[in-house]
Amino acid sequence: MKYELPPLLYAYDALEPHIDAKTMEIHYTKHHQAYIDKLNTALEKYSELQERPLEDLLKNLSNLKVDEKDRTAIKNHGGGHLNHSLFWQIMGPRKEPDEELIKEVEAEFGSIDNFKKLFSEAAANHFGSGWAWLVRNEDNKLQLYSLPNQDSPYSKNHTPIIGLDVWEHAYYLNYQNRRPEYIEAWWNVLKLI
Ligand code: MN
């Protein structure tokens, strides 16, 4: 079994002006595809791992019976594939509010505005490449933090709910070094909240 690029459910220009069509096209067809290709290469000689859910591999990274270079590749490219698959899904040209999630966020963070402020700060202050995350933790509670590179919340036994890609490839064409502007604009295309 080989991993494949999941369908994108909207056009490249559907998120404009907040995310431009060229950034979407390159991000989806080049960056995401590259994670998938390298993940498939890393798993080539481990047919039993190809049958297990990717989430399961990321939860059990240190226990996988694989070469160290393949363990690193599964972490980076497996994480890259799952992270981006979620990212495309939670964005869209129209809001589709998740009322249950909104209630839970309000209960945990006081208000949606406060949640957005804290999440935006985590994304803006993250040094270098990585993601800001809203996750469900091991106690079934909402939690937010940032992680470097393509590290997956699954590797902490957390379930990702909202992720914001703050790698420069996600915004550089349109925003250059202005990451905070990209973050502020991104709330317009996050469809859940
Ligand atoms: Mn990315």
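Residues numbered from 1 in each chain as written. Predicted model: local features only at pLDDT ≥ 70, side-chain atom pairs only at ≥ 80, totals over all residues. Heavy atoms only, no water.

Participant: Just checking my understanding: could you explain the coordination of the manganese ion for this structure?
Facilitator: Each pair of donors in an ideal octahedron of six around a metal sits at 90 or 180 degrees, and each pair in an ideal tetrahedron of four sits at 109.5 degrees. Here the manganese ion is held by His27 (NE2), His84 (NE2), Asp165 (OD) and His169 (NE2), and the distances to it run 1.9 to 2.1 Å. Within one chain, the residues donating to the manganese ion are spaced in sequence as H-x56-H-x80-D-x3-H. Assigned by exposure class, Asp165 and His169 land together as buried. (Donors = N, O, S within 2.8 Å, 3.2 Å for Na, K, Ca; no water. Buried < 20%, exposed > 50% of the residue type's maximum accessible area, 1.4 Å probe, protein only.)

Participant: I would appreciate a short explanation of helix H4 (residues 68-90) in the present structure.
Facilitator: For an α-helix, 3.6 residues make a turn, and residues three or four places apart therefore share a direction. Here H4 is 23 residues long and its end C-alpha atoms lie 33 Å apart, about the 33 Å a rise of 1.5 Å per residue gives. For H4, the tally of buried residues reaches 17 of 23 residues, placing the bulk of the element in the interior. (Helix = DSSP H or I, 4+ residues; strand = E, 2+ residues; numbered from the N terminus. Expected span 1.5 Å × (residues − 1).)

Participant: What is the right way to look at helix H8 (residues 179-186) in this model?
Facilitator: Along H8, the residues classified as buried are Arg179, Tyr182, Ile183, Ala185 and Trp186. Take H8 and look down its axis: the buried residues cluster within an arc of 165°, on one side only. Of the exposed residues in H8, those oriented more than 90 degrees away from the buried face are Pro180 and Glu184. Considering only its buried residues, H8 is in contact with H4, helix H6 (112-125), strand S3 (159-165) and helix H7 (172-175). (Arc of directions from axis to C-beta. Contact = heavy atoms within 4.5 Å.)

Participant: Explain unusual backbone geometry to me, please; I cannot follow it from the model alone.
Facilitator: Generally, phi is negative for residues other than glycine and the peptide bonds are trans, each holding for most cases. In the segment running from Glu16 into Pro17, the intervening peptide bond is cis, with an omega of 5°. Secondary-structure assignment places Pro17 in the segment before helix H1 (21-43). Not every positive phi belongs to a glycine, and Asn149 is a case in point at roughly 55°. Notably, Gln176 is not glycine yet its phi reads approximately 45°, a positive angle. Take Gln176: it is sitting in the loop between H7 and H8.

Participant: Could you clarify how one ought to interpret the pairing of S3 in this entry?
Facilitator: Two faces, one strand: in a regular strand the side chains alternate between the faces of the sheet. S3 sits mainly inside the fold: six of its seven residues count as buried. In the sheet, strand S1 (residues 130-136) pairs with S3 via six bridges, with the strands oriented antiparallel. In the sheet register, Trp133 faces S3, and the bridge partner there is Gly163. (Pairing = 2+ DSSP bridges.)

Participant: Help me out: how do you make sense of the pattern of salt bridges in this one?
Facilitator: Once the charged atoms of two side chains with opposite charge are near each other, the side chains can pair. Under the definition given, this model contains twelve salt bridges. As a salt-bridge pair, Glu96 and Lys191 come within 3.9 Å of each other at their nearest N and O atoms. Of this pair, Glu96 sits in the loop between H4 and helix H5 (99-109) while Lys191 sits in the segment after H8; the two residues are 95 residues apart in sequence, bridging distant segments of the chain. Each of Lys45, Asp67, Lys69 and Asp70 takes part in salt bridges that share partners, so that together they form one network. (Salt bridge = Lys/Arg side-chain N within 4 Å of Asp/Glu carboxyl O.)

Participant: Quick question: what am I supposed to make of the domain arrangement of the protein chain here?
Facilitator: Bring the parts together and some accessible area is lost; that lost area is often taken as the interface size. The assigned domain composition of the protein chain is domain 1 (20-90) and domain 2 (99-186). Taken over C-alpha atoms, the centre of domain 1 sits 20 Å from the centre of domain 2. With 21 residues of domain 1 at the interface, the matching set in domain 2 holds 23 residues. The junction of domain 1 with domain 2 conceals about 1,700 Å² of combined surface from both sides, 61% of it contributed by carbon and sulfur atoms. Its largest share of buried area at the contact with domain 2, domain 1 owes to Lys59, Asn83 and Phe87, together 30% of the area lost on that side. Summed over the shared surface of domain 1 and domain 2, the number is one salt bridge. Asp151 serves as the salt-bridge partner of Lys75, at 3.8 Å between the closest nitrogen and oxygen. When contributions to the side of domain 1 that touches domain 2 are tallied by element, the ones reaching two or more residues are H1, helix H3 (54-59) and H4. (Domains from an automatic or database assignment. Buried area = accessible area lost by both parts, 1.4 Å probe.)

Participant: Explain the sheet that holds S3 to me, please; I cannot follow it from the model alone.
Facilitator: Backbone-to-backbone hydrogen bonds pair the strands of a sheet. The strands run either parallel or antiparallel. Pairing in this open sheet of three strands is antiparallel, and the strands run S2-S1-S3 from one edge to the other. Taken across any chain shown, the strands that pair with only one partner, and hence form the sheet edges, are strand S2 (142-148) and S3. If you compare each strand with its neighbour and ignore which way they point, the axes differ by 25° on average. Strands S1, S2 and S3 of the sheet are contacted by H5, whose axis makes an angle of about 85° with S2. (Axes fitted to C-alpha atoms, helices over the stretch in contact; angles between N-to-C directions.)

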